[in-house]
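Examination of the molecular architecture
As a plain string of letters, each chain reads:
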Amino acid sequence: MSDVALHPVVRKRLPVLSQALLASASPQVRNMASIGGNLLQRTRCWYFRGEDFACNKRKPGSGCAALTGQNRWHAVLGGSDQCIAVHPSDLAVALRALDATVHTLKQRSRAPTAAGVLFHVKQRSSRH
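Reference entry: report on the structure contained in this document. Everything quoted here is computed from the prediction, not taken from an experiment.

**Structural notes on the side chain of Arg30**
- Residue position: Arg30 is located in helix α4 (residues 27-32).
- Despite being buried, Arg30 has no salt bridge partner; Asp90 is the closest side chain of opposite charge, sitting 8.6 Å away.
- The residues contacting Arg30, other than those within four sequence positions of it, are Met1, Ser2, Leu21, Leu22 and Ala25.

Shown next, in the form of structure tokens:
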């Protein structure tokens, strides 16, 4: 991620991408992290991490503690009545703002592309 964030063309033509990547993690993590890994992080919140809290992502049908608990940093738009966790990738937000297209590679051959809006889909109002 660091190589992309600091690339002169990215910094000049797409500063929002550079800024998003630089905000994503510590320098040590950015030096080892991949773009794909950043985009494919699982959506989660602190209730997801706590075994004592209800979390539909961790245990489907158990509820969402964030709906009535501490939820200041959770989804304002795009959540559902089942989950209001936000995606942890700063890069995904920047790509969406740019209406970017995600190109993926599979075993050295180009796979179908996916528009950013389709790559990260809105939460459904059903169990996870």
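From this point, things continue past the structure.
**Overview of the environment of Pro8**
- Its location among the elements puts Pro8 in helix α2 (residues 8-13).
- The class for Pro8 is exposed, based on a relative accessible area of 58%.
- Residues Pro8 and Ser18, 10 residues apart in the sequence, show an inter-C-alpha distance of 9.6 Å.

Calculation rules
- Residues numbered from 1 in each chain as written.
- Predicted model: local features only at pLDDT ≥ 70, side-chain atom pairs only at ≥ 80, totals over all residues.
- Heavy atoms only, no water.
- Helix = DSSP H or I, 4+ residues; strand = E, 2+ residues; numbered from the N terminus.
- Buried < 20%, exposed > 50% of the residue type's maximum accessible area, 1.4 Å probe, protein only.
- Lys, Arg positive; Asp, Glu negative; His and termini not counted.
- Salt bridge = Lys/Arg side-chain N within 4 Å of Asp/Glu carboxyl O.
- Contact = heavy atoms within 4.5 Å.

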